[in-house]
Amino acid sequence: MFKKVLIANRGEIALRIMRAAKELKIPVATIYSDADEEALHVILSPESYNIGGTTPAESYLNIEKIIETAKKAGADAIHPGYGFLSENGKFAKACEENGITFIGPSPESMEVMGDKLRSREIAKRAGVPIIPGTEKPISSLKEAKEMAKKIGYPIMLKASAGGGGRGMRLVFKEEDLKSSFESAKREAGGAFGDDRIYIEKYLEEPHHIEIQIVADKHGNTFHLFERECSVQRRHQKVIEESPSPFIDDRLRLEIATNGIKIAKEVGYFNAGTVEFLVDKYKNFYFLEMNTRLQVEHPVTELVTGKDIVKAQFKIAAGEKLDWKQSEIKQNGHAIEARIYAEDVLNNFNPSPGKIIGLINPSNPGTRIDTGVYQGFTIPIYYDSMIAKLLSYGKTREEAIERMLVALNEYRLAGVKNNIVFHQVVINSEIFRKGIYDTNFLNNYDYKSEIEKIREKNLKNIILSGALIYKNMEKKISFEEKNRKSGSTWKISGKIESIYKNSFRLLY
Amino acid sequence: MFKKVLIANRGEIALRIMRAAKELKIPVATIYSDADEEALHVILSPESYNIGGTTPAESYLNIEKIIETAKKAGADAIHPGYGFLSENGKFAKACEENGITFIGPSPESMEVMGDKLRSREIAKRAGVPIIPGTEKPISSLKEAKEMAKKIGYPIMLKASAGGGGRGMRLVFKEEDLKSSFESAKREAGGAFGDDRIYIEKYLEEPHHIEIQIVADKHGNTFHLFERECSVQRRHQKVIEESPSPFIDDRLRLEIATNGIKIAKEVGYFNAGTVEFLVDKYKNFYFLEMNTRLQVEHPVTELVTGKDIVKAQFKIAAGEKLDWKQSEIKQNGHAIEARIYAEDVLNNFNPSPGKIIGLINPSNPGTRIDTGVYQGFTIPIYYDSMIAKLLSYGKTREEAIERMLVALNEYRLAGVKNNIVFHQVVINSEIFRKGIYDTNFLNNYDYKSEIEKIREKNLKNIILSGALIYKNMEKKISFEEKNRKSGSTWKISGKIESIYKNSFRLLY
Amino acid sequence: MKYEIEIDGENFEIDLTERDGKFIYQFPDGERGEISLKELNKGEFFLKRGSKNYHFYSAKKGNGGEIVISHGNCTYEIKVSDYRSKILKKISGVEENVNKVLAPMPGKIVSVNISEGEEVEKNSVLLVMEAMKMENLIKSPRSGKIKKVYVKGGDSVEAKAILVEFFEE
Amino acid sequence: MKYEIEIDGENFEIDLTERDGKFIYQFPDGERGEISLKELNKGEFFLKRGSKNYHFYSAKKGNGGEIVISHGNCTYEIKVSDYRSKILKKISGVEENVNKVLAPMPGKIVSVNISEGEEVEKNSVLLVMEAMKMENLIKSPRSGKIKKVYVKGGDSVEAKAILVEFFEE
């Protein structure tokens, strides 16, 4: 195995990787930006290095600095996690040139599959169906208009280098094309340093279904079945599950087999995800391949019992996986709820800030991968996803009930978050029945469901507020009686002191 | 199902039951003593009732008060958890008389199996082997001496009503019999209100192996395989696992079948545990049956995927279990480490107090059932077990590694605890190889292993201490400069203020 | 004592009296009962309303005597008006920012789409802010003429920072 | 500045100097390096020693300027002697309890096995205490004559409460 691994990431995924490395007895070092000096992935790491900066570009995307740090730390391997440099071919090459094992696929397969257009070529070659769309990036608005007309609205604009919903826009009519095209380009440029955009046909009632691939360097390519990722907001996944309630075993196996075809076509090794869109008629189309660990990988770990991150380490070290495809089963059901620091009622605006209260749920059949702790201030510079809550059950129904109990017991105060949103969505009839597609959240009125819950709480909020103020009053009287030197105090200082020392309120 | 369930217990098991009820959509109410006003099982409970008192006798053992509270709450069922009234036949009868369903077995089977001597009769009738020993309680020291001589030292003194190691003494030679007999009687009397003691042969290199039984009221009796519970301190289990590394599949099935025989002999329904001792020659003997949920039930839940507490509710409601014995499998491996607030280096003395720091581990493949939170003061009146940490893996080795990573990331400050003890024991060669018996901890020098770890930390402790004091100094200088009215302050008040406001230390 | 409580902009009334160390509440609809509040940790509270339990967090917000309550993972912004808190408010001199547009979250200004002296419509985009990798459009809360723009592209701002000021109507 | 540190009764020395807002440490064995300490929450600390990280908790103990550190789930009792802390100690006037037997934990007295004026051997059982359902024998730390017994069966006592006092030797 490796002498030491440097984890070139932050938050919950850095911790997930750290734990896998610890299980394998690989010494671990982490990096952190100036904004992450007190982050959980640093505090729980045995060894860590400041790489300076605050923005991703200055820190977690800074290839030179990271390679230099790996050398300083004596690391002979780097795990990139997801996001940041995980799909950056230059970074993988820089690792190679410096004698450091990049825990991921070969730079070549990464580059081919990282480019949406080239990856479509691969799919064609492998005989896997693809979605109608542009063969190369669109250079001008005019070209976009023509193409859109040709394949017909609705269409999707997508960042060529993209992922995670950034640089992605759904366009229903020509009037909206201009503003969407421009903002998609701007967002793509900002997020990936590559503002190329392409166009795709938008399918009817599409499901986002993806196949988890794990392949070693000895030609053994396995699938770990599918994940259903159709519950999306702002084109970003928020809830994932496995198995998919939409497909049957025959289709499941067919899609999985097509996933393996793609992976084999590029000689892929490492963990990877082949994403498909499946329309209402159960036609499936290759969408893209993510050549890295996926946010939602734990869903698959829970149902298959396979540790995907430990497998990544073993593969990178050249080990042969002693798995048999026939022994890999979907056992039970798992659901993941992504926990974002965001204002659900206000267009999902990010809500960074200080976490003043936190109780992570620890119920039977739940797992939480979190990157934060009580007292931590969530920085403004990075993704608003701060944790992933997972539930597991023998049946889908059991997994749903366990998730609802866990969400109910979750405490995360100080930043607005989407926990109540998950409670509402997972408890909805559509989700319970498993009859949603990617349009689900565009049509479902989660806002009024949340309002109902808020309404139900109202009397308690009134009582809580009044009691806190009552307490405040008492303390003021007390302070007034006891302070003889009151006149020398500035009024503002007094109020400050009352808040700080008597009410014991935090900010 | 039930209209409402009253949980007649506290701590982690009250929470475990609450979560099962929530999954089944059964409304829940909890009870609490005066010492538990701020306990986690109260805070996370939607509804709760103060039953007064502090000692168990005044509170959680107070049958009248609990029945009255159940009526007030409108509960039509009571779950007793483990300990307290869970094996009290009078309580079960009182429930019955008041039209409340007792979530447990019939009062009759509870009383028969709760009496060690009568339960031996049952085993004999069922054709299950039993350990040589007294047929009825020993009334005098003289009688004890004679009996001990007859079956030969070493012998075990056991409380007739007992469990959990209380009222239990291992006696190697006649000189020690008097003091052991007396203190066992006293402890048994205090703990159970019943000071009857009996004598048993002590076996060679014995293993404590128990079979989880789940049986409904329709005559369906299932076993959920065994748990290995031989890692004990002060005759109390501290680490349990399933499957047992000591027995093979043939013996496993044979013991399980004998467990079912016992349960069927008394017409048992509910979850229950049939305990066996297995000696070095793989002879097994019936020990006792616990007619209740067991502390270590999650070990079995993890490997079988069955939710034992939810099954209890369904059985009590008269439902038929739709299980098939052939479909119940041991899938993977699970380990439980019981977390006690105790001073391991000082004879495992209990260490109640305020928890000033807490991070519950949340790693892949771990589960934590905890009864405490940061800021909570552990009361002196109840058991020192405050949490159970469980790990699950495909293999025993994976479960061990996951447990060690989780223990390493566990933070529990403010009370002495046995986390480091678990780290040492689980990492020991004997445990790793799975070649321990119930004598393991009597012979294994965990103390010097713990000392090694403490030694390794020493330089960091020195640095931490010096830096905290350095900080203290600065604050003192600062305070002195800024306080002009210093002379009006009392010195002691000043020190207090420095601690409270500047050092930010808690007590 | 009667309290007037403003929750997320709406007003409510509650009567709260202390009797033998316990609190009795009464709502305008007649509902009354016993209630107690414990502070478990700094800012962490446990409310007992009869036999029902509620666990929540609270924190001070700004300087105007407002608090934020996080209950059941919902967040509520609260002001209380009574004799005391009116004094408090007077002392602290909170200014209502009807003519100002504040940053809804901490973040970075991507672009400023208006300039001083410009007339804007309600809901037109004033600025684009980036926070946590997402672009957020800051729209005008009313129509009017821009008096001052406090930020420029590339600036980092805190939550509640003044971004744009309008001339008074 | 040199610090003398007593950890669980053993003494250690460390040199700590501040330079440009950073701390440099040096152990008697020559090992030196840079170190920083952050307080994440009240009593929760993050120590960075070069590139190595340590997360621990600390709390004040008693009134004598002692602290308890919980590090890696081990607990250490610490006193520091330097100019300042010596003053602190003087001010607070800690008394050494060589002639007193203190309760090792909070609990309930089950039985008192000795009486005032009695001569006892070292390690003889003075009392039996119950805490968290377990009986704990309180043994004599030395031989000597009992001056005063502060408790009786059935009493509840706090940790560090005086149980028994010996005549001075």
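Residues numbered from 1 in each chain as written. Chains lettered and ligands numbered in written order. Predicted model: local features only at pLDDT ≥ 70, side-chain atom pairs only at ≥ 80, totals over all residues. Heavy atoms only, no water.

*Asks:* What is the right way to read the domain arrangement of chain C from this model?
*Replies:* Accessible area lost on assembly of the parts is the figure often given for the size of an interface. Segmentation of chain C into domains returns domain 1 (2-83) and domain 2 (93-166). The gap between the C-alpha centroids of domain 1 of chain C and domain 2 of chain C is 33 Å. (Domains from an automatic or database assignment.)

*Asks:* Is there a simple way to think about the interface of chain D and chain A in this case?
*Replies:* Listed per partner, the contact involves nine residues of chain D and 13 residues of chain A. Interface area, chain D with chain A, both sides summed: about 980 Å², of which 48% is carbon and sulfur. Here chain D is connected to chain A by three salt bridges. The tally of links between chain D and chain A comes to nine residue pairs in polar contact (both at pLDDT 80 or more). Going through the elements one at a time, strand S4 (32-41), strand S5 (44-49) and strand S6 (52-61) of chain D are the ones with two or more residues in the side of chain D that touches chain A. Of the residues in the side of chain D that touches chain A, the class split is two nonpolar, four polar and three charged. (Contact = heavy atoms within 4.5 Å. Buried area = accessible area lost by both parts, 1.4 Å probe. Salt bridge = Lys/Arg side-chain N within 4 Å of Asp/Glu carboxyl O. Polar contact = N/O pair within 3.5 Å; in protein donor to acceptor, adjacent residues only side chain to side chain. Helix = DSSP H or I, 4+ residues; strand = E, 2+ residues; numbered from the N terminus. Nonpolar A, V, L, I, M, F, W, Y, C, P; charged D, E, K, R; others polar.)

*Asks:* Can you help me understand the pairing of strand S12 (residues 125-131) of chain C in this one?
*Replies:* The side chains of a regular strand alternate, first on one face of the sheet and then on the other. Residue and element names in this part refer to chain C. The buried fraction of S12 is high, at five of seven residues. Note: strand S10 (residues 107-112) against S12, four bridges, orientation antiparallel. Across the sheet, residue Lys108 finds its bridge partner in S12, namely Glu130. Counted between consecutive antiparallel strands, the loop separating S12 from strand S13 (residues 134-139) contains two residues, among which Met132 sits at a positive phi close to 50°. (Buried < 20%, exposed > 50% of the residue type's maximum accessible area, 1.4 Å probe, protein only. Pairing = 2+ DSSP bridges.)

*Asks:* Help me understand the sheet that holds strand S14 (residues 144-149) of chain C in this model?
*Replies:* Strands pair in a sheet through their backbones, by hydrogen bonds, and they do so in one of two ways: parallel or antiparallel. All names here are of chain C. Across the sheet, four strands lie side by side as S9-S16-S14-S11; this open sheet has antiparallel pairing. With one partner strand each, in any of the chains shown, strand S9 (100-102) and strand S11 (119-120) form the two edges of the open sheet. Alignment of S14 against strand S16 (residues 162-166), held across three bridges, turns out to be antiparallel. Counted as the bridge partner of Lys148 is Glu165 from S16.

*Asks:* Help me out: how do you make sense of the packing of helix H3 (residues 63-73) of chain B against helix H4 (residues 89-97) of chain B in this one?
*Replies:* Angle between the axes and distance between the axes are the two parameters that describe a pair of packed helices. Residues and elements named next belong to chain B. Running from N to C, H3 and H4 point in directions that differ by 30°, and their axes come no closer than 11 Å. One finds that H3 runs roughly parallel with respect to H4. Seen from above, H3 lies across H4 with right-handed handedness. Residues Ile63, Ile66 and Ile67 of H3 form the contact with H4, whose own contacting residues are Lys90, Phe91, Ala94 and Cys95. (Axes fitted to C-alpha atoms, helices over the stretch in contact; angles between N-to-C directions. Parallel < 35°, antiparallel > 145°, perpendicular 65-115°, else oblique. Left-handed = near helix turned anticlockwise from the far one by under 90°.)

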